[in-house]
Every structure is written in C-alpha cells, then in structure tokens.
Amino acid sequence: MRTIAFVFAAMFLALGVVSCRDRTDEQYRAEMVKAEQMAISGNATGALHILVGMVDMDAFKSHKVEMLSRMVGFAWMAGDADQARKYFQSGLEAAPAGMEGLLGLMIENLAAKQSGEEFVEWCRSMDKVAFGEPAREMLTLAQVRALCGLGRSQEVLPLTGAVMGQSGAPAAINLARRVFSVLLEAGCKEQAAEVPALVEKILPGSPEKKGVLCDMRLVLMTREGRLDEALAFFRQEIAGIPDENVLNGMNILANCLPDKGDSLSEELITTCLSRNAVREAAARHWMRSVRERKDVAGMGVRLVSLRERGLSAGFIADQMDGVYTEFLGSGDAKAMAPVYAMFDSLMKNSQDLNFKRRVAGYLLDMGFFLEKYAESLALVESDLFKDDERVMTGVLAAKIKAHLALQEKRTDDAVRHFREFMLLISKQMVDREMDPLDGSWVTADMVMGLNCRRIGDILAEAGRAEEAAKAYAEARGYYEKALLVFPDKESKENRKIQAGLDALPKG
C-alpha cells in the first residue's frame, strides 16, 4: 500500500508541476502576443518595455534567448542602436547559435548607422563568438566591404586568411571566392589578384581547390585582355576541375570571346563525353547562341547535331521547345525536313508514351509545312492523340484530310473536307485564340475567310470559275466581318486580315 500511495503522490506532484508550467507558458505567450501587437501598431518602445520586465524572471528563463531576439528587433524598430547591440550581445552570451539568425539584421543596420571605423570594430568584437561557418562568412564579408570602403583593403587578406584557416575546405573555398568578387567590385584589383595565392597557401589540394583557382585566374586574365592565354589555360584545367567550374569557365570566357562562346560550347559538347552536366549546359548555350542570331537553318542543323553527338532524346526535345516559335514560324521546310526525320525516328524508337505524344505534336506541326499529310493523318488516327480535344472534335482530321485530298488532286473531296473543317470551327471556336507562330489573335471569321479563299483557289485551278467566284465572295464577307473586331490598322490582326483580303482576286 505504501508503494501505491507513493506512486499516486508522485503523480499528483508531477501533474502539479505540469499544470504550473502550462500556466507559465500560457502567460508567456500572452505577453509575447501583446508585445508583438504593440510593435506592429508602431509602439516598439512599449513592446520593448514588456520584454525588459520579463527577460530576467526565473519563470521565463527557458525563453530568454527568444525574448532577447525579439528585443533586438524591437530596439531597431525603435531606432535605438545601442540597445539593439546590448541585447544582441546578451543573447550571444546566453546562446550564440540562437542569435545567428539576427546577424544579417545587425550587419545591415549597424553598417548603415555607424561610421565605417565603428562598424569594423564591432565586427572584430565578434571574433571570439562561436558562430557557424555561414554566419562567420557573412560577418567576414561585411567587414571586407567596410575595409574596402575605408581604403584599408590591405587588411582584407590577413582577415580572410585567418577565417579560412579556421574553416572547413568547402567554406574556405566559398569565402575566398566571395572575397575575390567583393575586392573586384570595390576596385581593389591588386588585392584581388593575391587571393589565388592565399588559396594555394591555405587549402590542401583537391579538384574543388583547382576549380576555384581556375575561376579566379580566368577572371583576372580576361579582365586584362589576355584571351588567348585564358582559353589555353582553361583547356588545360578542364580535366581536373569539377563540372561547376568548367561551366563557370565557359561563362567567363563567353562574355569576352568574339563569338560569345559559341565555338567553345561546341568544343565542350565534343570533348567532355563522360560529363553529361557539362555537355548539356554547353548544348543549351550552343542552341541559345543560334537562337539569338535568329538563324533558323542553324537551329535545325544543331538540333540534329545534338542527336548525332549522343545527347538524350528528352534533352533534344527540350531544346526544340526553346526554338519552337522561331523555327516553326519561319515556315522553312528545308530546315524542317532533317529535324522531322530525326524526331520521327526518336518517336518510333521510344517506349515512353508521354515522350511519343510530345514528339508527335512536333511532327504534326512540321508535317503541314512538309506536306506530309498521309503521315499526319496516321498520327491523328493513332492512340497517341486519342485524348487530344482537336482530334476528339474531328477538327484536325478534317483539315488534314482536306490537304491530303488536295495533294492527291481529288478536288471535290478537298472542298468537302475544307467545308467540314469550317463547319466544325464555326461551332467550336466561340472566342478568339492566340496564334502561337506570330502571337496574333485569331477569330472564327478569320479562319473561315482563309479557308473560303483556299476553296476558291482550288476551284479556280480546277477551271470552275463560277464556283470559285462564289467562294471568294464568301471569303470577303468573313474577312470584312473580322475587320470589325480589329479596327486598328496598326495591329497584327488587322494587317493579317487585310493581307487576306488583298490576296483575293479583284472583281
């Protein structure tokens, strides 16, 4: 019985402690909410006063670091730099890790409110605080900027070296890279040029070390206009540096080389055969280069070349998406023919249904320019497009059948299918739609006008002049109706409609 009584007594005591703790936590949360609301409403001083009364109370000691963090923020809101520094220091003494999240706030505000000398001294007062590597890097960079601003850049390298010596290799490399950039931005070229030697001296050998040294030396060489030397150096280093640094080097050189790195990116595709990330990044640069030149024929040649060089089918499709508007918008059938053949082969050899559907879309679009109507009809009637709304409604099949009949010189079938297409459009196209090739809006009347004009051309070629004249008159009516929607003569839409009208036979 004594044992049972003892257990019950312990339980009641524990419940009492928990209950007391719950009440204390509830009181703490209530006061914190009150302080936050006061600060938000503009009374940061009042909010600070609440926490000053709580921070040293034993009941809330488990929340002390959190309160000191809030107090730092409230002090800055109240414009009191001295108090903010005081509370930040108190927090550091209690738990440095708990205050690291405020370091950026302290740096930003103190750098703005203090003289450069005072700010540097404050940074140095943090030297013995056990910050983690990211916080230490932030503080070091802030001090470096301040020293450069004071004209004391000669102090930067000893400071950087000391911090690098206390850091792990990844953090030391990152700090060296960032200090190098800060020095260059500040115009301290002489000190920046010494950072590679600091890296050589402090860090043990590794690909990452070689990589950052390559980055820095390329920057220095290209800034001095030593492009041939920089290119030779880069080629020499490629094999021994990480992919990230190979790409950094390509970008550094691309900004300086006369061809913007076009040849270099192709070289990397060719030579870095086992480094997929490098090859794909270089290929993206290569494709971007030809796109910026608006070289449609070159786009086609390079897309096919990527396949010949062994890049993946999915990657090549991504590059097709990047040039699609310009490539298709050009209407260059000669450029499209080898690209069509390549994607047709990729689709037939793929087991990925989503990829096959994606590529089938390319083939359909290019198929119209290449007059591959039989192949396009087979695609539309396959399972690949069974969920495509254009196929389900019959619009796409009607259009393809019309062109196929025209290609096969079946005049009446061609007219019938164009009329079928027009009927479906009149029922389904209730609002304007965007033409992806030229970015203009298209209405049902514009589509009807174009297809009536086409019917007129078919009939005229077949020697059926009277029927052709009726089709042309019908087309004119649709075009004139469409002009009412786009009256602005400077708009793409108006010009497109007017071009359709101008193409109609006179009389």
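In case you missed it, the structure is sitting above this.
Residues numbered from 1 in each chain as written. Predicted model: local features only at pLDDT ≥ 70, side-chain atom pairs only at ≥ 80, totals over all residues. Heavy atoms only, no water.

Caption draft 1: The arrangement of the nonpolar core in detail. Ranked by size, the top nonpolar core spans 136 residues in total, and within it F88, W122, M320, F327, F343 and M366 carry the most contacts. Among all residues touching F88, those that are not within four sequence positions of it are V72, M99, L102, L103, M106, W122, M126 and F131. Core analysis: the next-biggest nonpolar cluster, separate from the first, contains 32 residues, M422, M429, Y479 and L483 among them. (Core = buried A, V, L, I, M, F, W, Y, C linked by side-chain atoms within 4.5 Å. Buried < 20%, exposed > 50% of the residue type's maximum accessible area, 1.4 Å probe, protein only. Contact = heavy atoms within 4.5 Å.)

Caption draft 2: Just the side chain of E493, in detail. Residue position: E493 is located in helix α28 (residues 492-502). R432 provides the closest opposite charge to the buried, salt-bridge-free E493, at an N-O distance of 6.6 Å. Not counting residues up to four positions away in its chain, the partners in contact with E493 are S440, W441, M446 and F486. (Helix = DSSP H or I, 4+ residues; strand = E, 2+ residues; numbered from the N terminus. Lys, Arg positive; Asp, Glu negative; His and termini not counted. Salt bridge = Lys/Arg side-chain N within 4 Å of Asp/Glu carboxyl O.)

Caption draft 3: Quick peek at the side chain of K356. Among the structural elements, K356 can be located in helix α21 (residues 353-370). Although K356 lies buried, it forms no salt bridge, and the closest oppositely charged side chain, D344, sits 8.9 Å away as judged by the N-O distance. One polar contact links the side chain of K356 to the main-chain carbonyl oxygen of M347, over a distance of 2.9 Å. What K356 contacts, discounting residues up to four positions off in sequence, is M347, K348, S350 and L384. (Polar contact = N/O pair within 3.5 Å; in protein donor to acceptor, adjacent residues only side chain to side chain.)

Caption draft 4: Main features of the environment of G151. With respect to the secondary-structure elements, G151 resides in the loop between α8 (133-149) and α9 (156-165). Given the relative accessible area of 55%, G151 is considered exposed. It is 83 Å that separates the C-alpha atoms of G151 and R416, two residues lying 265 residues apart in sequence.

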